[in-house]
Amino acid sequence: MIERGHHDMGGMSAGKVEPVEHDYEEWERRVDALMVLLSGIRGGPKRMTVDELRKNIESLPPDAYEKMTYYERWVTSITQTMIQRGLITTDELGRKMQEVKNRETDGAA
Amino acid sequence: MKQTAQPSFRPGDRVAVRKAWPLGHIRTPHYIRGQVGSIERVCGSFPVPEELAQQRNGLPAQPLYRVRFLQRDVWPDYQGGANDALEVEIFQHWLDPA
Amino acid sequence: MNEDNGRYQPLSYFQLMEISLRELLVEKGVLTDEQVRATVDDMRSRGAERGASVVARAWTDPQFKARLLADGTKACQELGLDVPALRLIAVDNTPAVHNVIVCTLCSCYPRMLLGLPPEWYKSRPYRSRAVREPRAVLAEFGLAIPDHVQVRVHDSTADMRYIVLPMRPGGTEGWSEERLAGIVTRDCMIGVAVPKAA
């Protein structure tokens, strides 16, 4: 059941390739930028590796992997990595997400 | 301490991909394990992704090869040219002489 | 509020996560908003032009082509291209061989040369079928490879990145490099299309 990672899909059956193009949303571009910056490609300090990005994506439950979009998987994985490395804590993240949500709701008031 | 393993294989050598299914982050695809091919080129030596994924430095760097396989060897039901090929980057520690 | 697409929608869980992660990292001095903006703009500006310029040079300069095939990264640097962290292998299409690139395990792609990969390249159908039935996949892209031509699939599993060097089509004699680069599309450099002179 777990010998083959869900991501390790070479050779499996699948439907037709839909030649879909994707207009990236700004938040997705920012996630991509976070990865470029945190992996130190541009010369800054290396805060994480692409290998950790991949590992944390591969650890997603199969149905989550399928349902999540590409950058939803990326932002989840980057965030997990930051928690694993101790650059942020779960508590900090939870409080910040609450704060951002409240800010959004206040903005709508 | 030596930080790089020496290449064991050269272009043209026949190699077999190890049949192992350990846990962790692995860049040797499931479909190629146990297959036999030949070294197409030595790509250089790189830190091991399995270790980098675990926040370790992946040293000593391992030689990375491009290995060429015949599609008809890899897939029993392959529909295509008899000489169609599949080339995969595989780290030395996943290869045995064939 | 989600104003990104002009409609007011609550932020999704993941959009909330992105904002929160970024704000925390900025607060902690790990990065700055300006760095994020500059990086977004840089990636946005990257289409397939850098890759096309490499192909066009290879078509017009046989010695450059030989150097490109021997060491892809050095050849890009020779052209003054900004390709940080790229370890490039260029694979040559010939009358006997057609190459196609895939990353079955995730979505590895020569981003610095071609920009962000198309959605289909990252999709399950492409990643799972390109290694096993490349000719059927190419046919779905409208590309029929004759039986006598070897199809070679490259699975980008580790540190190297790939571009396909397509064959220069007939009817382009005397064209400038710029004009030649104009017919080299992203899909030609992945290997699911071939350039057309028209």
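What counts and how
Residues numbered from 1 in each chain as written. Chains lettered and ligands numbered in written order. Predicted model: local features only at pLDDT ≥ 70, side-chain atom pairs only at ≥ 80, totals over all residues. Helix = DSSP H or I, 4+ residues; strand = E, 2+ residues; numbered from the N terminus. Rg over C-alpha atoms; globule rule 2.2 N^0.38 Å. Buried ≥ 20, exposed ≤ 12 C-beta atoms within 10 Å, placed from the backbone. Contact = placed C-beta atoms within 7 Å. Nonpolar A, V, L, I, M, F, W, Y, C, P; charged D, E, K, R; others polar. Domains from an automatic or database assignment. Axes fitted to C-alpha atoms, helices over the stretch in contact; angles between N-to-C directions. Parallel < 35°, antiparallel > 145°, perpendicular 65-115°, else oblique. Left-handed = near helix turned anticlockwise from the far one by under 90°.

Regarding its fold elements, chain A presents five helices and zero strands. Starting at the N terminus and ending at the C terminus, chain A contains elements arranged as α-α-α-α-α. For 109 residues, the compact-globule estimate of 2.2 N^0.38 gives 13 Å, and chain A exceeds it by more than 25% at 17 Å. Counting only C-alpha atoms and orienting by the principal axes, one finds that chain A spans roughly 50 × 35 × 30 Å. Taken across its 109 residues, chain A has 39% of its residues classed as buried. Pairs at least 24 residues apart make up 52% of the contacts formed inside chain A by residues separated by at least 6 positions.

Turning to the interface of chain A and chain C, a few remarks are in order. On the chain C side, the residues contacting the 48 residues of chain A number 48 residues. Of the residues forming the side of chain A that touches chain C, the biggest block, ten residues, is contributed by helix α1 (residues 26-38) of chain A. Of the residues belonging to the side of chain A that touches chain C, the class tally is 24 nonpolar, seven polar and 17 charged.

A separate point is helix α2 (residues 50-58) of chain A. With eight of nine residues buried, α2 of chain A is to be regarded as a mostly interior element. Of the positions making up α2 of chain A, those classed as buried are D51, E52, L53, R54, K55, N56, I57 and E58 of chain A. Those residues of α2 of chain A that are buried lie in contact with α1 and α4 (70-85) of chain A together with α1 (49-52) of chain B.

Attention now moves to the domain arrangement of chain C. Considered domain by domain, chain C is made up of domain 1 (13-45) and domain 2 (49-190). For domain 1 of chain C versus domain 2 of chain C, the separation of C-alpha centres amounts to 31 Å.

What follows covers the packing of α1 of chain A against helix α1 (residues 13-27) of chain C. Where α1 of chain A contacts α1 of chain C, the axes come no closer than 10 Å and their chain directions differ by 45 degrees. Judged on the interaxial angle alone, α1 of chain C and α1 of chain A are oblique. Regarding α1 of chain A and α1 of chain C, the two cross each other, and that crossing is left-handed. Of α1 of chain C, the residues touching α1 of chain A (which contributes W27, R30, V31 and L34 of chain A) are Q15, E18 and R22 of chain C. Of the residues in the contact of α1 of chain A with α1 of chain C, the class split is three nonpolar, one polar and three charged.

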